[in-house]
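What follows is each chain in one-letter form.
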Amino acid sequence: MDPVRIALLGAGGIAATHFEAIASLPNDVTLVAVVEPDAQRAAATSARLGVPTFSDVEELLRAGLSIGGAIVCTPPNTHASIGIALLEAGIAVLCEKPLAPNRADLHRMLASAHRHDRPLMMASKFRYSVDVILA
């Protein structure tokens, strides 16, 4: 089976955790692109990870890469527009919390996921914590 090809949107602090997680996985997942609007951070990330970087989600999608999933690590006010663009392109989305900053954006994201039959999930580091499971 081919590895799932992942794009990471954002290259800030929380994204570093995702970089490490992807790197620690066996050959099931491979990072193929990073979207980062800060040119200096993008260049450093590209050099460090050996993947192409793009300035925004539209540029990424125009590149025509085969991407199975994306991890959104951008500021919350961008989650809806980025998530919906990815979902509309047929890409599964894992989004850092909060999933959306308001209910209207949340409903738009959920409707897009449903309409395009793509998974949309919020990242939560406590999801598999024993205390949370028991609660």
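The structure displayed is predicted, hence computed values, not measured ones. Residue numbers run consecutively from 1 along every chain, following the written order of its sequence. The predicted origin of the model limits local features to residues at a pLDDT of at least 70 and limits the giving and counting of side-chain atom pairs to 80 or more, whereas totals for whole chains, interfaces and linings rest on all residues. Side-chain calculation: all heavy atoms of the structure are included, whereas hydrogens and water are not.

(A) Fine view of the state of the cysteines. In this description, the term disulfide denotes a pair of cysteine sulfurs within 2.5 Å. Tallied over the entire structure, the rule returns 0 disulfides. Among the cysteines around Cys 73, which has no disulfide bond, Cys 95 carries the closest sulfur, lying 8.2 Å off.

(B) Up close: the nonpolar core. One finds Leu 9, Leu 60, Leu 86, Val 93, Met 109 and Leu 120 to be the most contacted residues of the largest nonpolar core, which totals 25 residues. At the level of elements, β1 (4–9), β2 (29–35), α3 (57–62), β4 (69–72), α4 (79–88), β5 (92–95) and α5 (103–116) are the ones that each hand at least two residues to this core. Per the convention used, a helix needs a DSSP run of H or I reaching at least four residues, while a strand needs a run of E reaching at least two, with both numbered from the N terminus. Ranked by residue count, the leading element in this core is α4, at 6 residues. Working rule for contacts: check all heavy atoms of both residues, and any pair within 4.5 Å makes them a contact. Leu 60 has contacts with Ala 7, Ala 33, Val 35, Phe 54, Leu 65, Ile 67 and Leu 86, leaving out every residue within four places of it along the chain. Buried residues of nine kinds, namely Ala, Val, Leu, Ile, Met, Phe, Trp, Tyr and Cys, make up a nonpolar core once their side-chain atoms join them within 4.5 Å. When a residue's accessible area, from a 1.4 Å probe over protein chains only, is under 20% of the maximum for its type it is buried; when over 50% it is exposed; and in between it is partly exposed. Among the nonpolar cores identified, the runner-up in size contains 11 residues, and Ala 15, Phe 19, Val 51 and Ile 71 belong to it.

(C) Geometry of helix α2 (residues 39–49). Definition of a polar contact: a pair of N or O atoms within 3.5 Å, with one able to donate and the other able to accept a hydrogen when the atoms are protein atoms, and with sequence-neighbouring residues admitted only if both atoms are side-chain atoms. For α2, the side-chain oxygen to backbone nitrogen distance between the N-cap and Gln 40 is 3.2 Å, and the N-cap itself is Asp 38. Looking one or two residues beyond α2, the residue adopting positive phi is Gly 50, at roughly 70°.

(D) Summary view of the packing of α4 against α5. Contact geometry of α4 with α5 gives a least axis separation of 9 Å together with a crossing angle of 5°. By the angle between their directions, the pair α4 and α5 is classed as roughly parallel. In contact with His 79, Ala 80, Ile 84, Leu 87 and Glu 88 of α4, α5 contributes Asp 105, Arg 108, Met 109, Ser 112, Ala 113, Arg 115 and His 116. Only C-alpha atoms enter the line fits that serve as axes; for helices the fit covers just the stretch in contact. Angles between N-to-C directions range over 0 to 180 degrees. Roughly parallel refers to an angle under 35 degrees, roughly antiparallel to one over 145, roughly perpendicular to one between 65 and 115, and oblique to any angle outside these ranges.

(E) Representation of the pattern of salt bridges within the structure. By definition, a salt bridge exists where a carboxyl oxygen of Asp or Glu is found within 4 Å of a side-chain nitrogen of Lys or Arg. Applying the stated rule across the entire model yields 1 salt bridge. A salt bridge links Asp 105 to Arg 108; the shortest N-O distance between them is 2.6 Å. Of the two residues, Asp 105 and Arg 108 both sit in helix α5, 3 residues apart, roughly one turn of that helix. Judged by its relative accessible area of 43%, Arg 108 is partly exposed.

(F) Just the sheet that holds β1, in detail. Strands qualify as paired when DSSP identifies two bridges or more between them. Reading across the sheet, the 6 strands line up as β3-β2-β1-β4-β5-β6 and stay open at both edges, with parallel pairing between neighbours. Each having just a single partner strand, β3 (53–54) and β6 (120–122) make up the two edges of the open sheet. Across 6 bridges, the pairing between β1 and β2 is parallel. Looking at the pairing, Val 4 lines up with Val 29 of β2.

(G) Quick look at unusual backbone geometry. Each neighbour pair has its own omega, and for Lys 97 with Pro 98 the value is -10°, a cis peptide bond. Tracing the chain through its elements places Pro 98 in the loop between β5 and α5.

(H) Spatial organisation of the pairing of β1. Regarding topology, helix α1 (residues 13–24) serves as the crossover connection from β1 to the parallel β2, and that connection is right-handed. Where β1 and β4 come together, 4 bridges link them in parallel fashion. Looking at the pairing, Ala 7 lines up with Ala 70 of β4. We call a crossover right-handed when, viewed with the strands running away from us, the connection from the first strand over the helix to the second turns clockwise.

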